[in-house]
Amino acid sequence: MAAPVKVYGPPLSTAVSRVLACLLEKDVEFQLVPVNMANGEHKKPEYLKIQPFGQVPAFQDESIAIFESRAICRYICEKHADKGNKNLYSTNPLVKASIEQWLEAEGQTYNPPSSALVFQLAFAPRMNIKQDEESIKLNDQKLSKVLDIYDQRLESSRFLAGDEFTLADLSHLPNTHYLVTVGNRGEAFSSRKNVDRWWNEISSRDSWKKVVEMQKSK
Amino acid sequence: MVMKVHGGVASTATMRVFATLYEKNLEFEFVPVDLRAGEHKKEPFLALNPFGQVPAFEDGDLKLFESRAITGYIAHAYADKGTPLVCEGKPMATVGVWMEVEAHQFDTLASKLQWELVYKPMFGMAMDAAVVEENEPKLAKVLDVYEARLSQSKYLGCDCFTLADLHHLPTLTNLMGTPLKKLFDARPKVSAWVADIMARPAWAKVLAMRSQK
């Protein structure tokens, strides 16, 4: 049996938690390696060897060292296609194309406004950084427009890419969790019937509940 | 039935898809979308991409949006045609990393700079110097990482030209026509890589579409 894979970074990081959710869905054993970001460990030469942009997460298994949370998730799903949730990243080319479409939509359209809001609402206060009201207002508006489109899509589809929970849905978990909890943006999701249904379903998954527990204990 | 690409010849995202199709010598039908008239924000286009953005793509019954999902689909579905733009097995993991780097590290900054330095002048709008001042050093830092990477690898993802490189071409070409060219020229490995990928015949075909229109 292979040694547990290594994930570098704190579970509180949205990008790290994306990878953790994926590993849990796929039943892949992992070891979380702490990175002391408060001390700037992620910007030091040792860490930059495994993530040259000085960000978390980084990932290693017995054959490779990679970074970028969505690339790590894809790698885990491809390498362990037969383990855990097999629908997470389907090997059927047409299904995979739909998953990729919504994974790209998450990365290109959902992530920018949601991560800006997560930073302003969840992290800036903790870091004693003054909140940028303009940015919050602008990104609330952008997020609202995106959620309207999601609500329309989820009217005719149980999950974003189709009938199954996939990497495309999973990728939304980290930012959305912060938005609806500490970010006080729950209403944006609960006021949209289909988004509300979808969010309740994906956030109740055992894998995500475990990640939230890990975030609480660090 | 021939594949269809709905978009604009000068849309960087659409150009990503054109480049992929030309690299693989695949037949396709280009369906122009009148961006100036806002055609992409109305029906029937919204049925192809509810986010109201180009490109949208059709291959038989399959309909897709998001340029990088489209290029990925084409590269895998037509793996045996033309240039292999993805790899099998372990090298694909690293190609996948650098595809994400383009999407999140490079394109975010490059798009902001492209908007200020290329599009705003085109539309007779005033450039916001503060945005350029803020993002130029960030792009320079990203390119430092690229320089180190290209010292270890012929192309970004591996030793062959892949989507990880191709995805840069539209925005890169735009930036190379601005004073930011100096950032790329100043880094020898990056400069050689830029020259190499921009000289590809498939890319010339994509650029030629703009003069044909």
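Residues numbered from 1 in each chain as written. Chains lettered and ligands numbered in written order. Predicted model: local features only at pLDDT ≥ 70, side-chain atom pairs only at ≥ 80, totals over all residues. Heavy atoms only, no water.

For the rest of this paragraph, the subject is the overall build of chain B. If you tally the helices and strands in chain B, you get 10 helices and four strands. Counted from the first residue to the last, chain B has its helices and strands arranged as β-α-β-α-β-β-α-α-α-α-α-α-α-α. On C-alpha atoms alone, chain B measures out to a radius of gyration of 17 Å, which is about the 17 Å that the 2.2 N^0.38 rule sets for 213 residues. The principal-axis extents of the C-alpha atoms in chain B amount to approximately 45 × 45 × 30 Å. When contacts within chain B are restricted to residue pairs at least 6 apart in sequence, those whose partners lie at least 24 apart make up 65%. Carbon and sulfur atoms make up 56% of the accessible area of chain B, which amounts to about 9,300 Å² in all. Of the side chains in chain B, 24 bear a positive and 26 a negative charge, and the two mean positions are spaced by 3 Å. (Helix = DSSP H or I, 4+ residues; strand = E, 2+ residues; numbered from the N terminus. Rg over C-alpha atoms; globule rule 2.2 N^0.38 Å. Contact = heavy atoms within 4.5 Å. Areas by Shrake-Rupley, 256 points an atom, 1.4 Å probe, with all protein chains shown as cover. Lys, Arg positive; Asp, Glu negative; His and termini not counted. Charge placed at Lys NZ, Arg CZ, Asp CG, Glu CD.)

On to the pairing of strand β2 (residues 30–33) of chain A, then. Residues and elements named next belong to chain A. Summarising the sheet, strand β1 (residues 5–8) and β2 pair through four bridges and their orientation is parallel. Along β2, the bridge assignment pairs Lys6 with Gln31. With helix α1 (residues 14–25) bridging β1 and the parallel β2, this β-α-β connection has right-handed handedness. (Pairing = 2+ DSSP bridges. Right-handed = clockwise from strand over helix to strand, strands pointing away.)

Our next topic: the pattern of salt bridges. Following the criterion strictly, the structure yields 25 salt bridges over all chains and no others. Close ionic contact of Arg158(A) with Glu201(A) constitutes a salt bridge, the shortest N to O distance being 2.3 Å. Taken together, the residues Arg158(A) in the loop between α5 (133–156) and α6 (167–170) and Glu201(A) in helix α9 (residues 193–203) connect sequence positions 43 residues apart. A salt bridge links Asp107(B) to Arg68(B); the nearest nitrogen and oxygen atoms lie 3.4 Å apart. Of this pair, Asp107(B) sits in helix α4 (residues 90–122) while Arg68(B) is found in helix α3 (residues 67–77), placing the two residues 39 residues apart along the sequence. Residue Asp107(B) is classed as buried on the basis of its relative accessible area of 10%. One salt-bridge network, in which partners are shared between bridges, spans Arg74(A), Glu100(A), Glu104(A) and Glu100(B). (Salt bridge = Lys/Arg side-chain N within 4 Å of Asp/Glu carboxyl O. Buried < 20%, exposed > 50% of the residue type's maximum accessible area, 1.4 Å probe, protein only.)

The next thing to look at is the side chain of Asp61(A). All names here are of chain A. Assignment of secondary structure puts Asp61 in the loop between β3 (58–60) and β4 (65–67). Here Ser63 takes part through its backbone nitrogen, which lies 2.8 Å from a polar atom of the side chain of Asp61. Among the polar contacts made by the side chain of Asp61, one reaches the side chain of Lys79 at a distance of 3.1 Å. In this view, Asp61 contacts Val5, Tyr75 and Lys79; residues no more than four positions away in its chain are not counted. (Polar contact = N/O pair within 3.5 Å; in protein donor to acceptor, adjacent residues only side chain to side chain.)

The next subject is the environment of Thr178(B). Residue and element names in this part refer to chain B. As for its placement among the helices and strands, Thr178 is situated in the loop between α7 (169–175) and α8 (181–185). Put simply, Thr178 and Leu117 are 61 residues apart on the chain and 6.7 Å apart in space, counted from C-alpha to C-alpha. Not counting residues up to four positions away in its chain, the partners in contact with Thr178 are Leu117 and Val118. A distance of 2.7 Å separates a polar side-chain atom of Thr178 from the backbone oxygen of Leu175.

With that out of the way, let us pick up the sheet that holds β3(A). All names here are of chain A. Taking strand neighbours across the sheet as the criterion, the four strands line up as β2-β1-β3-β4 in an open arrangement whose pairing is mixed. Both edges of this open sheet fall to β2 and β4, since each of them pairs with a single strand only. Adjacent strand axes in the sheet meet at a mean angle of 20°, parallel and antiparallel pairs treated alike. Inspection of the sheet shows β3 paired to β4 by three bridges, in the antiparallel sense. Within β4, the residue paired with Phe59 across the bridge is Ile66. On the sheet, α1 packs against β1 and β2 and is oriented at approximately 160° with respect to β1. Helix α3 (residues 69–79) rests against β3 and β4 of the sheet, and its axis sits at about 130° to β4. (Axes fitted to C-alpha atoms, helices over the stretch in contact; angles between N-to-C directions.)

Turning our eyes to something else, we now look at the packing of helix α4 (residues 93–123) of chain A against helix α7 (residues 173–180) of chain A. Residues and elements named next belong to chain A. Two numbers describe how α4 lies on α7: the axes approach to 9 Å, and their chain directions differ by 45°. With respect to α7, the element α4 is oriented oblique. When you trace α4 past α7, the crossing you get is left-handed. Where α4 abuts α7, its residues Tyr110, Asn111, Ser114, Ser115, Leu117, Val118 and Phe123 lie against Asn175, Thr176, Tyr178 and Leu179. Counted by class, the contact of α4 with α7 contains six nonpolar, five polar and no charged residues. (Parallel < 35°, antiparallel > 145°, perpendicular 65-115°, else oblique. Left-handed = near helix turned anticlockwise from the far one by under 90°. Nonpolar A, V, L, I, M, F, W, Y, C, P; charged D, E, K, R; others polar.)

Listed as interface residues are 25 residues of chain B and, on the opposing side, 26 residues of chain A. Taken over both partners, the interface formed by chain B and chain A buries close to 2,300 Å², and the fraction arising from carbon and sulfur atoms is 68%. The tally of links between chain B and chain A comes to seven residue pairs in polar contact (both at pLDDT 80 or more). Here the residues of the side of chain B that touches chain A sort into 15 nonpolar, five polar and five charged. (Buried area = accessible area lost by both parts, 1.4 Å probe.)

Residues and elements named next belong to chain A. Per the domain assignment, the segments of chain A are domain 1 (5–86) and domain 2 (93–208). Contacts between the two partners involve 14 residues from domain 1, matched on the other side by 20 residues from domain 2. Interface area, domain 1 with domain 2, both sides summed: about 1,400 Å², of which 53% is carbon and sulfur. Put simply, domain 1 and domain 2 have six salt bridges between them. The partner of Arg74 in a salt bridge is Glu104, with the nearest N and O atoms 3.5 Å apart. Counting every contact that joins domain 1 to domain 2 gives nine residue pairs in polar contact (both at pLDDT 80 or more). Those elements that provide at least two residues to the side of domain 1 that touches domain 2 are α1 and α3. (Domains from an automatic or database assignment.)

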